[in-house]
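Chain by chain, the residues:
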Amino acid sequence: MITVIGNLKGGSGKSTVTFNLALWLIQAGKNVLVYDLDPQATLSDAVQVRQEENYQPTLSVLTHLKKPQSNHQEVLIDVGAANMAGMKEAASIADRIVVPVLPGQADIWSTQRFLNLIINDFKIKPLPQVLAFINRADTHIGIHESDEAEQALSSLPGIKVINSRLCQRVVYRRSFSEGLAVFELEPSNKAVAEFEQLAKQLYSQPNSKPKPKRKK
Ligand SMILES: Nc1ncnc2c1ncn2[C@@H]1O[C@H](COP(=O)(O)OP(=O)(O)OP(=O)(O)O)[C@@H](O)[C@H]1O
Ligand SMILES: [Mg+2]
């Protein structure tokens, strides 16, 4: 299955989610092909740190789409607005597009524009499924921005809202910068249960959580 993690809005968590999903799938025994189509190459940088640290399992990333991908069970593509040609190409081969959305009105508007781009401007047929979820949700009980954002997302035609959120957790930034998935760096962090719920909803499969090992 080809999954694009995309959004027009910068900083919504595309690279972080792609990286964590890729490692989650690999540790579940899947053969995964990962693309970083963003010229910023954030995902490639995290993968490079992982390689330098010799963390296992290894993860490699390609920067240009190749065909065919038939020998891989799962394909993940990280792409944003900095590469519109790449976004169109990725969307046209995607089975689905997963959209991380930050909880704010501007992010909802931007998601609406992203949908419009895919449906009307790119004129992709058949349309891939578009799935959205709230990333960096507030953990404070008195703040309802994420509920409101989720509701607003549900009202957008052509999008399915995934019923799992990733909350704002420092461990995402820390683990990514160390070349590790959240479940590798801090298996007992609340972020892990949240991430696994999201991943399972996306892939409906179990996963084990082995710790990363350094090569001797
Ligand atoms: N759930 C989260 N909690 C806390 N920080 C997060 C979370 N998700 C992502 N981040 C942080 O937000 C920042 C942006 O994330 P990321 O680089 O993955 O977004 P992006 O959509 O790929 O950005 P860009 O559009 O620049 O490619 C990073 O510093 C990342 O560590
Ligand atoms: Mg990115």
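Heads up: these notes are all about the structure in this document. Small disclaimer: the values here were computed from a predicted structure and weren't measured.

Next up on the list: the overall build of the chain. Within the chain one finds eight helices and nine strands. Computed over its C-alpha atoms, the radius of gyration of the chain comes to 16 Å, within 12% of the 17 Å expected for a compact globule of 216 residues. Considering only C-alpha atoms, the chain reaches an extent of 50 × 45 × 30 Å along its principal axes. For the chain, buried positions account for 51% of its 216 residues. Carbon together with sulfur atoms contributes 50% to the accessible area of the chain, which is approximately 10400 Å² in total. The chain carries 25 positive and 21 negative side-chain charges, and their two centres are separated by 5 Å.

Across all of its chains, the model carries three aromatic pairs by this definition. Taking 6.4 Å as the distance between ring centres and 40 degrees as the angle between the ring planes, the aromatic pair formed by W24 and Y203 counts as tilted. Remark: Y203 occurs in helix α8 (residues 190-203) and W24 occurs in helix α1 (residues 14-27); sequence separation between them is 179 residues. The class of W24 is buried, set by a relative accessible area of 0%. Ring geometry for F183 against F195: centres 6.1 Å apart, planes inclined by 25 degrees, an arrangement best described as stacked. Taken together, the residues F183 in helix α7 (residues 182-185) and F195 in helix α8 connect sequence positions twelve residues apart. For F183, a relative accessible area of 1% puts it in the buried group.

Next up on the list: the site of ligand 1. What surrounds ligand 1 is a group of 16 residues, the closest being K14, S15, T16, N135 and R136. Note that an oxygen atom of ligand 1 is positioned 3.0 Å from one of the backbone N or O atoms of S12. Interatomic distance of 2.5 Å between a side-chain N/O atom of T16 and an oxygen atom of ligand 1. Elements with a minimum of two residues in the shell around ligand 1: α1 and α6 (170-177). For the shell around ligand 1, the element with the most residues is α1, which contributes three residues.

A few words on empty space enclosed by the protein. Unoccupied space between atoms shows up once a probe the size of one water molecule is rolled over them. Taken as a whole and assessed by the stated rule, the structure comprises one cavity of 30 Å³ or more. Here the largest cavity is characterised by a volume of approximately 30 Å³. V4, G6, V79, M87, A91, I97, F114 and I118 are the residues that line the largest cavity. When its residues are assigned to classes, the lining of the largest cavity shows seven nonpolar, one polar and no charged.

We now examine helix α2 (residues 42-52). Every buried residue of α2 is accounted for by L43, S44, A46, V47 and R50. Mapping the buried residues of α2 onto a view down its axis gives an arc of 160 degrees, with all of them on the same face. Directly after α2, the chain includes N54, whose backbone phi takes a positive value near 60 degrees.

Rules of the game
Residues numbered from 1 in each chain as written. Chains lettered and ligands numbered in written order. Predicted model: local features only at pLDDT ≥ 70, side-chain atom pairs only at ≥ 80, totals over all residues. Heavy atoms only, no water. Helix = DSSP H or I, 4+ residues; strand = E, 2+ residues; numbered from the N terminus. Rg over C-alpha atoms; globule rule 2.2 N^0.38 Å. Buried < 20%, exposed > 50% of the residue type's maximum accessible area, 1.4 Å probe, protein only. Areas by Shrake-Rupley, 256 points an atom, 1.4 Å probe, with all protein chains shown as cover. Lys, Arg positive; Asp, Glu negative; His and termini not counted. Charge placed at Lys NZ, Arg CZ, Asp CG, Glu CD. Phe/Tyr/Trp six-rings, centres within 6.5 Å; stacked < 30°, edge-to-face > 60°. Near = heavy atom within 4 Å. Polar contact = N/O pair within 3.5 Å; in protein donor to acceptor, adjacent residues only side chain to side chain. 1 Å grid on protein atoms, 1.4 Å probe; cavity = no way out; pocket = protein on both sides within 12 Å on 5 of 7 lines; lining within 4 Å. Points joined across faces, edges and corners; volume = space filled by probe spheres on them. Nonpolar A, V, L, I, M, F, W, Y, C, P; charged D, E, K, R; others polar. Arc of directions from axis to C-beta.

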